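# Summary of structural features
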Amino acid sequence: MHDSTKLESLGVPAVPVATDVFMAAARAQASALGRSDFGAVYVAHPIQDQTREEIEAKCEGALDEIVNQLISA
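Our subject in this report is the structure included herewith. (Residues numbered from 1 in each chain as written. Predicted model: local features only at pLDDT ≥ 70, side-chain atom pairs only at ≥ 80, totals over all residues. Heavy atoms only, no water.)

### Details of the pattern of salt bridges
Taken as a whole, this structure holds three salt bridges when the rule is applied. The partner of glutamate 8 in a salt bridge is arginine 35, and the shortest N-O contact between them spans 3.6 Å. Taken together, the positions of glutamate 8 in helix α1 (residues 2-9) and arginine 35 in the loop between α2 (23-32) and β2 (41-43) put the pair 27 residues apart, joining distant regions of the chain. Looking at glutamate 8, the relative accessible area reads 24%, which means it is partly exposed. In this structure, glutamate 56 and arginine 52 form a salt bridge, with 2.9 Å as the shortest nitrogen-oxygen distance. (Salt bridge = Lys/Arg side-chain N within 4 Å of Asp/Glu carboxyl O. Helix = DSSP H or I, 4+ residues; strand = E, 2+ residues; numbered from the N terminus. Buried < 20%, exposed > 50% of the residue type's maximum accessible area, 1.4 Å probe, protein only.)

Laid out in structure tokens, this is it:
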């Protein structure tokens, strides 16, 4: 969240991406940074033990949402 909010403050559209188990923490962090409205994209947890193909599938599933948030920023 810190990096994404910093980028946006510099005029660079940004969308944080995290796994769904970090959703509450990300929302709390955004709120603490004064950006409770800041959206993020969440993919299914876990990532660490996934194969390349599984990670690519998660990316494909999230790509449209990431792009939509970037162009609507």
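So, next bit.
### Some remarks on unusual backbone geometry
Residue proline 46 follows histidine 45 across a cis peptide bond; omega there is 5°. Position of proline 46 among the secondary structure elements: in the loop between β2 and α3 (52-71).

By themselves, these observations are geometric and do not establish any function.
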